[in-house]
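# Tertiary structure, described
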Amino acid sequence: MPTDCHVPERLRMTPGPTEIPPAVRERLAEPVPNPDLEPEFFECYRALADKLTRIHTADADGSTATDGRDTAVLAGEGILGLEAAIDSLVSPGDRVLCLSNGRYGDGFADFVTQYDGDPVTCAVPWDETLDRDTVETSIEDADEPFDVATMVHCETPTGTLNDLGPILDVLNDHGIISVVDAVSSLAGTPVPTDRIDVCLGASQKCFSAPPGLSTATISERAWDRIETVENRAHYTNLTPWRTAADEDEEWFPYTHMAANIRALDAAADQILEEGPAQVFERHREVAAHCRDRAADLGLEPYPTATDDCSPTVTALEYDGSATDLQETLREEHDIVLATGLGDLEDDIIRVGHMGYNARRELVDETMDALATVLE
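Keep in mind that this is a model prediction, so the values were computed, not measured.

### Some words on helix α10 (residues 322-333)
Helix length check: α10 (12 residues) gives 16 Å between terminal C-alpha atoms against 16 Å at 1.5 Å per residue, within 8%. Within the span of α10, buried status applies to A322, L325, Q326 and L329. Down the axis of α10, the buried set is contained in an arc of 105 degrees. They therefore lie on one face. For α10, exposure combined with an orientation more than 90 degrees from the buried face picks out E331 and E332.

Listed below in structure tokens is the structure:
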């Protein structure tokens, strides 16, 4: 007998994967071209890459700085982009400065070790943000120079947003290649991609497209370094993506996820039609409203300073019972939230208000239910 894979109707206010808007789902239902043979697919891919570069580089006013940057779309969930960046930029023995204030910052160091690099972690507490002085001291006090530095813009498990600008200035002053995980911030808040060598994103967060694609916007300086590294794998090698889908070649390193590409294209269209500046402001306003509603319930955000809170996800402290709270909301109110990860799994409840879910009425529905459960 066939397995019943019915998906119940629920409000999924999670920090990715996010709810998919109707226009994106409609694109998924359209006929799918052969991504290896039909020129229409290559045209779609090139158009999507251009749109993503504009979104990656949009500042608070919606202006972009796309010159000298290429965007590649890889077939794999967001973690693929993080691993591919390390595989493509780090040779055995290379020293990598891993800046961390959370789980994914620490994870970069694990990838560096996996690819035989030499990670040096510069860490601050998870409820704080990275700062310029700490980074500069780590670089200046090091016995040897660093080749590459990694960091995370928004630490999704704790809802913490790092101020990247001053840190990128320090890295650029020292000639260090920068890799930034912006998976849960891209298309929800400005990312200084014009100063980042490899800026990484994913389809299932603020883009509100199905999970399955990683995005990477890559500078000329990063490409120059990538060409010097002998890659040890195929799927995590960024090198072929410099020319993949070019009009004079039209090829991919592997058969691409055609339906997902088209869905992400529809999602990018929606962001650009609304306007990046308007999208950023919407996220900022909804996040502030979520924190205000949480404060009324006596819930504090996990980051110690409000300015450190992400506009895409709010992490609230709920010591010792977060998983019970999560289950009650799902079973009694058909609302899905996330908890923390690792040691914080039972101490943090997370409300994702990113992409299609960055709407005030959805936050109100969530917080009304939360108020009922907490009575």
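Here the narrative resumes.
### Side note on the packing of aromatic side chains
By the definition in use, this model includes 8 aromatic pairs. Relative to F42, the ring of F41 has its centre 6.4 Å away and its plane inclined at 75 degrees; by these criteria the two rings are edge-to-face. Residue classification places F42 among the buried residues on the basis of a relative accessible area of 2%. On the numbers, 5.8 Å between centres and 70 degrees between planes, the contact of F41 with F252 is edge-to-face. Within this pair, whereas F41 is found in helix α2 (residues 39-56), its partner F252 is found in the loop between α7 (220-226) and α8 (258-274), the two being separated by 211 residues in sequence. These aromatic residues form a ring-pair network of at least three members: F41, F42, Y45, Y235, W241, F252 and Y254.

### Some thoughts on the side chain of Q204
Examined against the element boundaries, Q204 turns out to sit in the loop between β9 (198-202) and β10 (213-219). Not counting residues within four places of it along the chain, the set of residues in contact with Q204 comprises G16, P17, T18, E77, G78, A209, P210, P211 and L213.

### Details of the environment of V90
One can find V90 in the loop between α3 (79-89) and β3 (95-100). Looking at V90, the relative accessible area reads 0%, which means it is buried. For the pair V90 and D265, spaced 175 residues apart in sequence, the C-alpha separation works out to 31 Å. Aside from chain neighbours lying at most four places away, what touches V90 is V96, Y115, G117, V229 and R232.

### Focus on unusual backbone geometry
For the peptide bond that leads from G16 to P17, omega is -10 degrees, which places it in the cis range. Looking at where P17 falls in the secondary structure, it is placed in the loop between β1 (11-12) and α1 (22-28). A positive phi angle, near 55 degrees, is found at S208, a position not held by glycine. Tracing the sequence through the fold places S208 in the loop between β9 and β10.

### Re the pattern of salt bridges
Scanning all chains against the criterion turns up 22 salt bridges. Across the salt bridge formed by D265 and R27, the nearest N and O atoms sit 3.2 Å from each other. Pair noted here: D265 is in helix α8 and R27 is in helix α1, with a separation of 238 residues, a long-range link. Two residues, R293 and D368, come together in a salt bridge whose shortest N-O distance is 2.7 Å.

What counts as what
- Residues numbered from 1 in each chain as written.
- Predicted model: local features only at pLDDT ≥ 70, side-chain atom pairs only at ≥ 80, totals over all residues.
- Heavy atoms only, no water.
- Helix = DSSP H or I, 4+ residues; strand = E, 2+ residues; numbered from the N terminus.
- Expected span 1.5 Å × (residues − 1).
- Buried < 20%, exposed > 50% of the residue type's maximum accessible area, 1.4 Å probe, protein only.
- Arc of directions from axis to C-beta.
- Phe/Tyr/Trp six-rings, centres within 6.5 Å; stacked < 30°, edge-to-face > 60°.
- Contact = heavy atoms within 4.5 Å.
- Salt bridge = Lys/Arg side-chain N within 4 Å of Asp/Glu carboxyl O.

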